[in-house]
Amino acid sequence: MTATQERPSDAIEKEIGRDRRRKEDQRLITGRTRWTDNIVLPGMLHLAMVRSPFAHATITSIETADAKASTNVVDVLTGADFGAELGAIINAWPITPDQVTPAHSPMPADRVAFAGEIVAVVIARTAAEARDAAELVEVEYDELPAALDLKRSAADEVLAHPDLGTNKSALWVFDSAEAGTGGNVDEAIAKARTDGIVIEREYRQQRLIPAFMEPRSVVVDPTGEQYTMWSATQIPHIVRFALAATTGVPESKIRVIAPDVGGGFGGKLQVTPEEWIAWAVGRRLGKPVKYTETRSESLMSAHHGRDQWQKLTLAAEKDGTVTGLKVELLADLGAYVAIVGGGVPVLGAFMFNSIYKFPAYHFAVQTVLTNKAWTDAYRGAGRPEATYAIERLMSELAAELGVDPLEVREKNWIKHEEFPFTTVAGLEYDSGNYEAATAKAKEMFGYDELRAEQMARRASGDTVQLGIGISTFTEMCGLAPSRVLGQLDYGAGGWEHAEVRMLATGTVEVITGASAHGQGHETAFSQIVADRLGVPFESVEVLHGDTQVSHKGLDTYGSRSLVVGGEALVKAADKVVEKAKPIAAHLLEASVDDIEFSQGRFSVRGTDQGLAITDIAGAVFAAHNLPDGVEPSIDSEATYDPVNFNYPHGTHLCAMEVDTETGAVKMRKYVCVDDIGNIVNPLIVSGQVHGGLVQGIAQALWEEAVYDDSGTLVSGSFVDYLLPTAADTISFDIGHTTTPSLTNTLGTKGVGEAGTIASTPAVVNAVVDAVRHLGVDDIQMPCTPERVWKAINGPGSGGSTEGAAMPHFESGGAAGNQEQPGTASTDGAGS
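It should be emphasised that the depicted structure is a prediction, and the values quoted were computed from it without experimental measurement.

> Would you take a moment to explain the sheet that holds strand β14 (residues 305-317) for this structure?
Either a parallel or an antiparallel arrangement is found when strands of a sheet pair, and the pairing is made through backbone hydrogen bonds. Read across the open sheet, the five strands follow the order β8-β16-β15-β14-β9; overall the sheet is mixed. Here the strands that pair on one side only, and so sit at the sheet edges, are β8 (168-175) and β9 (196-208). Neighbour to neighbour, the strand axes of the sheet diverge by 10° on average, direction disregarded. The sheet contact formed by strand β15 (residues 322-334) and strand β16 (residues 361-369) spans nine bridges and is parallel. Bridged to G334 within β16 is L369.

Now the structure itself:
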């Protein structure tokens, strides 16, 4: 090869900002996928789980003889058979030092705590034979009273775990006066009662089910030098750590692979009993085993989301300037404290103030144990709950004042020239422009014209009324930095790891600790690295989801893949360039100080001579002519830990038509303008926004996990748990404004959860706005025709204050007085 080459005449087109179709899609849509359930190993056995039909009961006996005698059944095992061999399901976020955490065995031997809990496992030659034999396992139970209603459970009327003596798991409190981030909220409310406005509301966040497309599945192979687990999970690295921590097997002997994963939405951010049972069975029998859940099992026993009662008090001056916000939550944990569990409402604690300049703020959440399926992260994880509450409240404040809801928001939001801005919750928002996003959304929506139509319909007494809903939101995403998570007692860090390998043939291997399950990582990460190294997009291969290939990582959740994982890739790619520079200087017979790198090419300043970075990779592979003391490798890795959270924002506007005679609702128009910083791939962003919108709208209008009085999930199939289809939605109009993040190189912000966070209050605000003149100020979600009709026609029939009263929360002690994030930091969030 020659030492120098002429500069190519055509500049390389930038990848970041291009509408690239996803690399992943070709194999996904043509059936060449490798789902966990597609994996077949020699001699593999199949598992079926025997589950409790009762929400709360003691196990008096389990008769397995008939099942064991069934065709091709290898064994039937119970919790008593395993003992400590099963390990335990962990909680990684004890939110207070005195948190009450029930022991969580993957398969209890003596008592079940929710309907769907596993009491035995059948092992057979085929999955069908295992399921058939599971029907023959006879379990005798003594049914116990079940704690089901959240408010009554908080009062300890019935205990979910009698041995604990209480259902109250943890009380977590943040107070701006005590944290030094604001004033005293009780004083602000008292003053507003005298000479201002006080808005008090109670809202219900119904229980939801993540309902991912691919049911959970796990394969365990114990036959090699390592134990290998394939799992439909979002968190292969965390599963590996938890297995080592709870089963005694060294981490170096465990390999966890998340192959193609068909969606998660937080529902696969979990260490599951099914994984632990498959692991234990495989170890005990020394043979590969597989378990794949049915859809009904998934809906019944995979973790659920949301499920809160929210008591809110907003204080304001008579002109609408907000002066204080008090939030009191009850959060249903279900039967156990899941891996994040009580941390979900804590994440929301920092977002109730949202984009508004509250001078005083108090937040308290009481997490409560019940005899229902455990709850954990679901798309947005705490942020949707907070955004719903504050955006409903701001519209209620506007109604009290008799002004347009956008007017009261603009009066109170952070102006673009005020960034960076430290909020009353202690976070530092680095950038944003709420005015620009709102102005663009209003124009796209035809806001004034729709308001005029609304007034005309009211004046004419039209039976179909028009409502306009607003949601101006922000969110914290990235789930980092690590030091802030440490201050919140989170059990892991917030960093991410990446490697970039330059292969001799001119291609690039990218290894990331983020684990994709539909986000488009392979495409977006290829675009980033292609731009950074100046190589063709097609020459970049992204590897992920295998703890043996990607030895370090913290996986995918919380809109962190791009803003944390992508930044790790940038740093690794930049290290490749820096390692290659002295080699390029040597080959070009120039000083390192004279070497420039641009569009994939090293050149000598002021000349046309240079070498492509792929040429350097080839020279390094041959290692025939390297500088003395330089290793023959330019491969690099980086671990990135952000200095702050990431704060996308946006304005969502929704027009809903409500038939006042039937309660039927119909979406007329939906516009959203999101500011997610610089955009890597607009096509992927559009998909993320559209999908997020549908999930948030579904909470507002259709979805709800419902239990009967005995604790049985009655919405345990898609016949009863209403997921929207394309026929149920409209075409959304999406747009963007751009204020780049100041805390990462790419200037990007998260997008994966934005649509879900913002859309729910926009829709409910629109439905309520359509019938507010009829005396309605709230309709409990989902806003079904029945609930809308009852709200119009019967006082209290569709409101949000059904059931027992909210308990009073006492602050103080170990559970009270939380520091704001960053108080122990000199360069972290909120410092």
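Now that the structure has been shown, the text picks up again.
> Can you help me understand the nonpolar core in this one?
For soluble globular proteins, the rule of thumb is that nonpolar side chains tend to be buried together. Residues V121, W172, L314, F352, F363, Y670 and V763 are the most contacted members of the largest nonpolar core, which totals 141 residues. Two domains each put at least three residues into this core: domain 1 (43-144 + 213-263 + 268-301) and domain 2 (305-478 + 644-808). Beyond its immediate stretch of four places on either side in the chain, Y670 contacts H652, L653, C654, L693, I697, I730, F732, D733, A758, S759, A762 and V763. Counting residues in hydrophobic clusters, the runner-up holds 46 residues, among them F525, V564, A573 and L626.

> Any chance you could explain unusual backbone geometry here in plain terms?
Glycine aside, a negative phi is what most residues show, and trans is what most peptide bonds show. Residue P420 is reached from F419 by a cis peptide bond, and omega for that bond is -5°. By the element assignment, P420 lies in the loop between α13 (405-412) and β17 (421-422). The peptide bond linking A480 to P481 adopts the cis configuration, its omega dihedral lying at 15°. Inspection of the secondary structure assignment puts P481 in the loop between β19 (464-474) and α16 (482-487).

> Hey, could you run me through the layout of surface pockets in this one?
Over the atoms rolls a probe the size of a water molecule, and its path tells where empty space is left. Considering only enclosed or pocket space, the second largest pocket measures out at about 490 Å³ in volume. As for the second largest pocket, its lining consists of 20 residues, of which D149, R204, K372, E704 and Y707 are closest to the centre. Going through the elements one at a time, α5 (150-154), β9 and β14 are the ones with two or more residues in the lining of the second largest pocket. A per-element tally of the lining of the second largest pocket places β9 first, with three residues.

> Quick question: what am I supposed to make of the packing of aromatic side chains here?
With the rule as written, the count across this model stands at 16 aromatic pairs. Between W172 and F363 the ring centres are 5.9 Å apart and the planes differ by 65°, which places this aromatic pair in the edge-to-face class. Taken together, the positions of W172 in strand β8 and F363 in strand β16 put the pair 191 residues apart, joining distant regions of the chain. Note on F363: relative accessible area 0%, which makes it buried. Summarising the aromatic geometry, the rings of Y670 and F732 are spaced 5.8 Å apart at their centres and angled 75° between planes, so their arrangement reads as edge-to-face. Of this pair, Y670 sits in strand β28 (residues 665-675) while F732 sits in the loop between α20 (682-701) and β29 (733-736), placing them 62 residues apart in sequence. Among the residues examined, Y670 registers a relative accessible area of 0% and is labelled buried. Three or more aromatic residues joined by ring pairs form one cluster here, namely W172, F174, F350, F352, Y361 and F363. The ring of W309 carries K151 above its face, with NZ or CZ at 3.9 Å from the centroid.

> Teacher, can you tell me more about the sheet that holds strand β10 (residues 217-221) here?
Overall, mixed pairing links the seven strands, which are arranged β4-β6-β2-β13-β10-β11-β12 in an open sheet. Two strands close off the open sheet at either side, each with one partner strand: β4 (73-78) and β12 (254-257). Across the sheet, the mean angle separating the axes of adjacent strands is 20° when strand polarity is ignored. Pairing analysis gives six bridges linking strand β2 (residues 45-51) to strand β6 (residues 118-124), with the strands arranged antiparallel. Opposite A48, over in β6, you have V122 as the bridge partner.

Cut-offs and rules
Residues numbered from 1 in each chain as written. Predicted model: local features only at pLDDT ≥ 70, side-chain atom pairs only at ≥ 80, totals over all residues. Heavy atoms only, no water. Pairing = 2+ DSSP bridges. Helix = DSSP H or I, 4+ residues; strand = E, 2+ residues; numbered from the N terminus. Axes fitted to C-alpha atoms, helices over the stretch in contact; angles between N-to-C directions. Core = buried A, V, L, I, M, F, W, Y, C linked by side-chain atoms within 4.5 Å. Buried < 20%, exposed > 50% of the residue type's maximum accessible area, 1.4 Å probe, protein only. Domains from an automatic or database assignment. Contact = heavy atoms within 4.5 Å. 1 Å grid on protein atoms, 1.4 Å probe; cavity = no way out; pocket = protein on both sides within 12 Å on 5 of 7 lines; lining within 4 Å. Points joined across faces, edges and corners; volume = space filled by probe spheres on them. Phe/Tyr/Trp six-rings, centres within 6.5 Å; stacked < 30°, edge-to-face > 60°. Lys NZ or Arg CZ within 6 Å of the ring centre and 35° of its normal.

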